[in-house]
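A structural walkthrough
Below are the chains, spelled out letter by letter.
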Amino acid sequence: MKTVFSVRSLTLAAVLLCSPFALYSGTALHAQSSTAAAKVGILNREQAAAILPEKVFYRGLSAPIQARNSGGVRFADSKLILAALVDTSGYSTAVKETYQAYLITEVPLMLGDKTLAPGAYGFGFIADDKMVVLDLGANQLFTTTTTRDAALPRPNPLQVLPDPGSASRYRLYLGRSYVTFEAAPKQN
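Values in this document were obtained by computation on a predicted structure and should not be read as measured data.

Criteria and thresholds
Residues numbered from 1 in each chain as written. Predicted model: local features only at pLDDT ≥ 70, side-chain atom pairs only at ≥ 80, totals over all residues. Heavy atoms only, no water. Helix = DSSP H or I, 4+ residues; strand = E, 2+ residues; numbered from the N terminus. Buried < 20%, exposed > 50% of the residue type's maximum accessible area, 1.4 Å probe, protein only. Contact = heavy atoms within 4.5 Å. Areas by Shrake-Rupley, 256 points an atom, 1.4 Å probe, with all protein chains shown as cover. Phe/Tyr/Trp six-rings, centres within 6.5 Å; stacked < 30°, edge-to-face > 60°. Lys NZ or Arg CZ within 6 Å of the ring centre and 35° of its normal. pLDDT = per-residue confidence, 0-100. Core = buried A, V, L, I, M, F, W, Y, C linked by side-chain atoms within 4.5 Å. Pairing = 2+ DSSP bridges. Salt bridge = Lys/Arg side-chain N within 4 Å of Asp/Glu carboxyl O.

Below, the discussion takes up the overall build of the chain. Looking only at helices and strands, one finds four helices and 14 strands in the chain. Per-residue burial over the chain gives 34% buried out of 188 residues. Within the chain, counting contacts between residues at least 6 apart in sequence, those at least 24 apart form 46% of the total. For the chain, the accessible area works out to roughly 11300 Å², and carbon and sulfur atoms hold 57% of it.

Okay, here's the thing in structure tokens:
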């Protein structure tokens, strides 16, 4: 038996394969499979930098992140929290005092003793062992207490480590100071 392909059937096949739906479906399937294969837990700086944007918006400017000083966590539902130090050279001294890093969270977060909604934020570790969290317009949302870890063997400018006191809690460090965080409990 001979199979004959007409120009019309080949054209139809080409249109279907190159259609936005086919491209979207293929992309969605690839994204789903790579997300499903993604490991839950801490993301090192290479993993976090691969996901983070190269530049972030804050207080009217775009600034490059410091990919070498980034980290994050992938939660069981594949949602992320990412943090990175930011090059704040274009900002005023007043902004630089509180804005040192960028935080992106896809989950409601317990950050110290405060709850933070999903979104993008600026933050910094300030005097009196405090972390300040700011919205993208540089408006202060809250402060929470940080802890100094004198036993940390080799502090990095920014890193995420597990919290020894809990399997679901992590520590976000700037140098030797840290704040604990975890996904906030779901509210009914």
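We are not done yet, so read on.
We now examine the packing of aromatic side chains. Evaluation of the coordinates by the stated rule reveals seven aromatic pairs. Aromatic ring contacts, followed pair by pair, group Tyr 58, Tyr 91 and Tyr 99 into a single cluster. Geometry around Tyr 178 places Arg 171 over its ring, the cationic atom sitting 4.1 Å from the centre.

Below, the discussion takes up the confidence of the model for the chain. Looking at the chain, the pLDDT average stands at 85 and 80% of residues meet or exceed 70. Within the model, pLDDT remains below 50 along residues 5-36, and this stretch shows five contacts once partners closer than five positions in the same chain are excluded.

Among the nonpolar cores identified, the biggest contains 24 residues, and Leu 111, Phe 123, Leu 172 and Phe 181 are the most heavily contacted of them. At the level of elements, β4 (80-86), β5 (101-105), β6 (109-111), β8 (119-126), β9 (130-134), β12 (158-162), β13 (170-174) and β14 (177-183) are the ones that each hand at least two residues to this core. With 17 residues, the next largest nonpolar core counts Ala 63, Ala 84, Tyr 102 and Val 132 among its residues.

Looking at the secondary structure, you find Arg 148 in strand β11 (residues 147-148). Its relative accessible area of 56% is what places Arg 148 among the exposed residues.

Turning our eyes to something else, we now look at the pairing of β9. Looking along a regular strand, one sees the side chains alternate between the two faces of the sheet. With respect to burial, β9 is a largely interior element, four of its five residues being buried. Relative to β9, β8 is paired through five bridges, and the arrangement is antiparallel. Considered in β9, the bridge of Phe 123 is made with Val 133. Two successive antiparallel strands, β8 and β9, enclose a turn made up of three residues, where Asp 128 displays a positive phi of approximately 65 degrees. As judged from the five bridges shared by β9 and strand β10 (residues 140-145), these two strands associate in the antiparallel manner. By the bridge assignment for β10, Val 133 is matched with Phe 142. With antiparallel pairing between neighbouring strands as the criterion, β9 and β10 make up a hairpin whose turn holds five residues, including Ala 138 at a positive phi of roughly 75 degrees.

Here we take up the pattern of salt bridges. Between side chains of opposite charge, a pair can form when the charged atoms approach closely. Taken as a whole and assessed by the stated rule, the structure comprises five salt bridges. Arg 171 serves as the salt-bridge partner of Asp 149, at 3.5 Å between the closest nitrogen and oxygen. Pair noted here: Asp 149 is in the loop between β11 and β12 and Arg 171 is in strand β13, with a separation of 22 residues, a long-range link. Since its relative accessible area comes to 13%, Asp 149 is described here as buried. For Arg 171, a relative accessible area of 14% gives the class buried. Note that Arg 171 and Asp 163 form a salt bridge whose closest N and O atoms lie 2.9 Å from each other. Comparing Arg 171 with Asp 163, the two get one shared label, buried. Each of Asp 149, Asp 163, Arg 169, Arg 171 and Glu 182 takes part in one network of salt bridges that share partners.

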